[in-house]
Every structure is written in structure tokens, then in C-alpha cells.
Amino acid sequence: MSVEMSKPVPRPGILDIASYVPGKEHAPGVARVYKLSSNETPLGASPKAIEACKAAADNLGRYPDGQSVELREAIATVHGLNPANILCGNGSDELLGLLCHVYLGAGDEGIITEHGFLVYKIQIMGAGATPVVVKEKDHTVDVDAILAAVTEKTKIVFIANPGNPTGTYVPVSEIRRLQAGLPKHVVLVLDAAYAEYVRRNDYEAGIEVVSSNANVVMTRTFSKAYGLAALRVGWMYAPAEIVDAVNRVRGPFNLNAAAIAAGAAAIRDQAFVQQAVSFNQMWVETLTQALEAIGLKVTPSVANFVLIHFPDIDGKRAADADELLTSRGYILRAVRSYGFSNALRMSIGPEEANRGVIAALSEFMGRKV
């Protein structure tokens with residue numbers, strides 16, 4: 001005899017998922033707050049993207065283009081791709097979830113790395129599968145560790161390249177070695193959310209690897225270098241069969257009209273993006289040098305943030321620094337949930353915020369700037 005339930009109950013495993021917690025935004029009692037916790041660009045969006053977003057308001061009574069044709073064609077033109085291999089999403093987060101929905105089920109496994117983006121684990125578990133966490137090496141994805149973790153249950157592998165919150169990256173030669181070592185039915189997802197910021201000769205976001213293989217997907221976002229975080233615009237480049245499969249479960253109007261128009265205008269304005277990248281590169285170098293000079297350790301970063309490690313000394317730990325910085329209006333990201341109990345991640349902010357953090361941490365460490 002079946003037992004009647006008194007209320008709806010989620011399927012097994014859902015309530016075991018730890019909800020994603022965004023970076024904090026507020027510092028009560030502080031007049032001027034600098035949010036440096038979410039890796040947003042201090043330069044904001046291209047004026048051309050803002051203009052396109054405003055123009056979209058003239059047609060709010062109509063559904064957006066369900067195929068995001070204008071955006072896909074703009075992306076294809078800038079990157080030299082076939083629009084048919086591009087799929088746009090409500091941020092890259094939606095696409096990561098759809099990939100899990102399509103390729104994972106009960107009894108399957110998805111491989112992630114110990115400091116990888118928390119959304120991977122959430123989406124793997126949400127699909128009813130089991131996340132398998134492998135160690136990183138020097139805060140960097142370890143290809144050999146991933147290959148050693150593959151079993152007959154493995155169906156998907158997620159890599160953030162560059163990594164978040166580490167800012168480290170894997171050379172394209174290692175990505176190719178990883179793909180070659182995976183079974184052909186395993187989907188390799190290269191999350192290149194910070195690719196625009198990387199200036200290394202041995203780095204490749206994933207376009208070349210996707211183009212030459214049937215089991216690789218690259219995801220990208222407009223929330224970072226393009227400054228469209230509020231609109232939630234992401235895209236993926238994938239083999240036609242994977243695009244077709246994901247399209248079958250994608251919502252029919254998953255991008256709104258403002259997001260499509262602003263995204264297309266933003267990616268066409270590459271001059272503005274280069275300004276943002278140059279500003280970022282200068283400040284990553286400046287912050288790293290300044291923070292190391294006052295006795296802090298910084299993981300080398302190619303992204304738009306730095307991971308700052310604090311001494312294991314009473315009064316000098318990350319929590320103590322976070323309290324001081326917040327009291328002065330500088331909000332950084334605690335990263336305990338990413339496996340760093342004594343570190344803070346700092347997004348590159350406007351010049352006055354960057355200099356303010358340097359000054360505050362210099363005082364905190366008892367050093368002169």
C-alpha cells in the first residue's frame with residue numbers, strides 16, 4: 001500500500017545540493033561601497049550596447065527572436081565561426097545546466113576540479129548524476145588527475161579555463177592531451193568565461209579544439225569583459241549534434257530582446273573590449289606586485305581578479321582582512337566554499353578602489369604602501 005504524502009517532495013538528491021551564494025554586495029553604515037566580489041568590469045558596457053538595449057524598449061510587446069539570429073551572426077563574424085554551431089543562453093550558466101540535463105542521468109558521473117566553478121556541481125547533482133571532484137596542482141587544473149578519475153560512468157568533464165577563483169589557466173597543448181585521453185562519448189566542456197582577458201601565447205579558448213572534435217563544447221559569457229552581467233547573455237560553440245540536442249530542451253525564448261540587441265552591439269565594438277582588457281591587465285600586474293610587496297601571497301592570474309592568500313596568524317587571516325575592508329566599503333569575495341579557507345578573491349575595480357584596497361591591506365599587514 002502506498003503512503004500518501006502530506007506535501008510535495010523533491011526527487012532524491014535535490015535537497016542535498018548546496019545553493020549557490022553570490023558575492024556580497026552591501027556594507028551597512030558605509031557611505032561609498034565598491035563591490036569587488038563578482039568579477040564585474042569597472043568599465044561597464046559599451047555605449048553602443050547601452051544604446052541598443054534602450055532601443056529594444058520600443059518593442060516590449062513582441063516576443064524576442066527565439067533563435068537569437070542577430071547575436072549568433074555577430075558572434076560568428078567576430079570569431080570566424082559558423083552560426084549553426086553557436087547556441088545562445090541566459091548567461092553561460094543556463095547552457096551549463098542544459099548540457100547536464102541532456103547528457104547526464106541517474107548513475108552517471110561528471111568530473112569537476114577541486115577549485116572549479118560551483119555551478120558545475122550544482123547542475124550535475126540537479127541532473128541526478130554524481131559529481132567526482134579531482135585535485136588540482138598548484139591551483140591549476142591537472143589533466144592527469146582528470147584522466148585517472150574517468151570510469152565507465154563518466155559522461156561529462158567541466159573545466160574552467162581560466163579558473164575561477166584561481167585565475168590560472170591550462171595551455172592548449174594540455175587541453176588537446178585531455179581530449180585525446182577521454183572516451184569519445186564523454187563531453188568535454190571548456191568554460192572560457194574569462195578568455196577575453198588572457199594574453200598568453202599558449203592559451204586558446206577552445207574554438208580550435210571544438211572545431212576538430214565531436215565531443216568538445218566551449219562556453220562563453222558577456223558578463224565579464226563585455227559588461228552585460230545585468231542582461232545575462234552567454235553562448236556556446238559546439239558540434240552540430242550537440243547544438244541540436246541542447247536546442248531540443250532549451251526554452252523557446254530564453255534570451256530577451258534587449259539582451260540579444262545589446263550582446264550583438266557589444267561584440268561588434270571590439271575597440272571598447274580592448275580598452276577593458278588593457279585596463280585589467282595593468283591592474284592585475286599592479287595589484288599583484290603591490291600585495292606581494294606587503295607580504296601577501298597572490299596566485300598568478302590571467303583573468304580579471306586576483307586570489308589573495310593571508311598569513312595563518314591571529315589577527316592577520318582572511319576573515320580579519322575581510323572585516324576591515326568591508327568596514328571601509330571594499331567588498332571582496334570569501335572563497336571558503338571553493339576550498340580556500342584563508343583567502344579572498346578581489347575583482348579588478350576602478351582605480352580608486354584598487355588603490356584603496358592596497359592602502360587598507362598595507363595598513364592591515366603593518367607595511368607602508
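Residues numbered from 1 in each chain as written. Predicted model: local features only at pLDDT ≥ 70, side-chain atom pairs only at ≥ 80, totals over all residues. Heavy atoms only, no water.

Moving on, we get to the UniProt feature "modified residue: N6-(pyridoxal phosphate)lysine" (unreviewed entry) in the protein. Listed under "modified residue: N6-(pyridoxal phosphate)lysine" (unreviewed entry) in the UniProt record, and renumbered for this structure, are Lys224. Here lysine 224 shows up in the loop between strand S7 (216-221) and strand S8 (234-237). Given a relative accessible area of 14%, lysine 224 falls into the buried group. (UniProt positions renumbered as here; feature names shortened; annotations may be inferred. Helix = DSSP H or I, 4+ residues; strand = E, 2+ residues; numbered from the N terminus. Buried < 20%, exposed > 50% of the residue type's maximum accessible area, 1.4 Å probe, protein only.)

Let us now look at the pairing of S7. For S7, a buried count of six out of six residues is recorded, marking the element as mostly surrounded by other parts of the structure. By the alternation rule, side chains of S7 split into Val216, Met218 and Arg220 and Val217, Thr219 and Thr221, which are all buried. In this structure, strand S6 (residues 187-191) lies alongside S7, joined through four bridges in parallel fashion. Considered in S7, the bridge of leucine 190 is made with methionine 218. Pairing between S7 and S8: four bridges, direction antiparallel. (Pairing = 2+ DSSP bridges.)

Looking now at the UniProt feature "domain: Aminotransferase class I/classII large" (unreviewed entry) in the protein. Using the residue numbers shown here, the UniProt feature "domain: Aminotransferase class I/classII large" (unreviewed entry) corresponds to residues 33-360. Structurally, residues 33-360 is divided into 39% helix and 17% strand, and its ends, taken at the C-alpha atoms, are 14 Å apart.

The next thing to look at is the sheet that holds strand S13 (residues 343-347). Read from one edge of the open sheet, four strands run S9-S10-S13-S12, paired in antiparallel fashion. In this open sheet, the two strands that pair with only one neighbour each are strand S9 (297-299) and strand S12 (333-334). Sheet analysis places strand S10 (residues 305-309) next to S13, joined by five bridges and oriented antiparallel. In the strand pairing of S13, leucine 307 is matched with arginine 345.

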